[in-house]
Amino acid sequence: MSEASQPGCSDEKRLASRDPKTYPVVDFNLLSDRRDLERMVAAVRLLAKLVVHPALNPEAGDFFPASFSPRIKRLSRYGTANRIVASILGPMLDVPAGLRQLLIRLVLLNGTAFQATLADDRALEAFVRQSVFGVWHPVGTCRMGDPSDPKAVVDPEGLVIGSDNIFVADASIMPRLPTANTNIPVIMAAEKISDALLSRN
Ligand SMILES: Cc1cc2nc3c(=O)[nH]c(=O)nc-3n(C[C@H](O)[C@H](O)[C@H](O)COP(=O)(O)OP(=O)(O)OC[C@H]3O[C@@H](n4cnc5c(N)ncnc54)[C@H](O)[C@@H]3O)c2cc1C
């Protein structure tokens with residue numbers, strides 16, 4: 001996940017509607033820090049080199065990047081239409097290498113071989129920007145901190161600064177992105193905040 005989801009970076013949260021049942025808009029603005037983009041571009045190039053290495057892949061021409069694009073998301077949904085598409089596309093890829101590679105280029109890569117994208121800095125950057133997405137561990141949209149810290153939303157007991165009785169106890173209060181998974185830290189934070197609440201009462 002990019003550092004953009006940490007407090008202080010330019011991720012955006014706003015209400016989409018006055019209706020409390022409508023989900024808010026949360027835009028993590030991934031890759032807004034250029035260093036993230038540069039690291040991601042270097043990582044894609046490195047992986048691409050490994051994937052087409054003859055020791056790993058005797059058919060290097062079959063290589064194409066799998067990104068979770070809106071088109072692939074649509075294709076991944078269960079349903080009759082997708083079952084028909086998959087039953088046609090699957091066997092079509094099981095043909096002699098030359099024809100398969102043509103199909104990959106035309107159908108999966110919109111006509112541009114990925115080697116051409118890899119060789120072109122701007123095209124690769126555009127590909128990375130288009131393909132990047134978060135992986136379910138967003139934190140810190142409502143960070144804990146000292147009440148005098150202008151970027152803090154809740155105090156060290158989880159109380160929303162400026163309120164009398166509103167508490168937050170979830171992943172949003174993490175002051176920064178942890179280097180481990182988030183589930184156990186959320187449970188620990190919730191235990192700590194509930195202890196503080198109980199001792200208040
Ligand atoms: C697919 C996936 C895989 C993950 N894998 C791991 C993993 O392997 N290890 C790990 O440590 N972490 C993992 N995580 C991350 C971890 O699950 C989260 O960081 C953690 O659950 C966040 O806890 P939370 O309490 O902040 O939010 P949540 O667990 O999302 O809890 C929010 C709760 O609020 C409820 N809610 C929402 N809106 C309303 C409303 N209007 N009124 C009342 N209730 C509402 C929701 O139903 C939900 O129960 C994964 C997350 C996902 C999505």
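Structure: see above.
The structure displayed is predicted, hence computed values, not measured ones. (Residues numbered from 1 in each chain as written. Predicted model: local features only at pLDDT ≥ 70, side-chain atom pairs only at ≥ 80, totals over all residues. Heavy atoms only, no water.)

Engineer: Help me get a handle on the overall build of the chain, residues and values and all.
Structural biologist: Within the chain, the secondary structure is distributed over 7 helices and 2 strands. Whereas a compact globule of 201 residues would reach a radius of gyration of roughly 17 Å, the chain reaches 23 Å, over 25% beyond that. Surface exposure of the chain reaches about 13900 Å², of which carbon and sulfur atoms provide 60%. In the chain, 23 side chains carry a positive charge and 22 a negative one; their mean positions are 7 Å apart. (Helix = DSSP H or I, 4+ residues; strand = E, 2+ residues; numbered from the N terminus. Rg over C-alpha atoms; globule rule 2.2 N^0.38 Å. Areas by Shrake-Rupley, 256 points an atom, 1.4 Å probe, with all protein chains shown as cover. Lys, Arg positive; Asp, Glu negative; His and termini not counted. Charge placed at Lys NZ, Arg CZ, Asp CG, Glu CD.)

Engineer: I'd like a description of the site of the ligand, backed by residues and values.
Structural biologist: Around the ligand, the neighbouring residues are Trp 136, His 137, Asp 170, Ala 171, Asn 181, Thr 182, Asn 183 and Val 186. His 137 places a side-chain nitrogen or oxygen 3.3 Å from a nitrogen atom of the ligand. Separating an oxygen atom of the ligand from a side-chain N or O atom of Thr 182 is a distance of 2.6 Å. Look at the ligand: alone it shows 1000 Å² of surface, and the protein chains cover 33% of it. (Near = heavy atom within 4 Å. Polar contact = N/O pair within 3.5 Å; in protein donor to acceptor, adjacent residues only side chain to side chain.)

Engineer: Describe helix α4 (residues 97–108), with residues and values.
Structural biologist: Look at α4: 15 Å from first C-alpha to last across 12 residues, which is about the 16 Å you get at 1.5 Å a residue. Buried residues of α4: Arg 100, Leu 103 and Ile 104, and no others. Relative to the axis of α4, the buried residues are bounded by an arc of 105° and lie together on one face. Along α4, exposed side chains directed more than 90 degrees from the buried face belong to Gly 98 and Leu 106. Those residues of α4 that are buried lie in contact with α3 (80–93). A positive phi of about 50° marks Asn 110, the residue just after α4. (Expected span 1.5 Å × (residues − 1). Buried < 20%, exposed > 50% of the residue type's maximum accessible area, 1.4 Å probe, protein only. Arc of directions from axis to C-beta. Contact = heavy atoms within 4.5 Å.)

Engineer: Outline the side chain of Arg 100, listing residues and values.
Structural biologist: Looking at where Arg 100 falls in the secondary structure, it is placed in helix α4. Exposure remark for Arg 100: the relative accessible area of 16% places this residue in the buried category. Leaving out residues up to four positions away in the same chain, Arg 100 has contacts with Glu 59, Asp 62, Leu 93 and Val 95.

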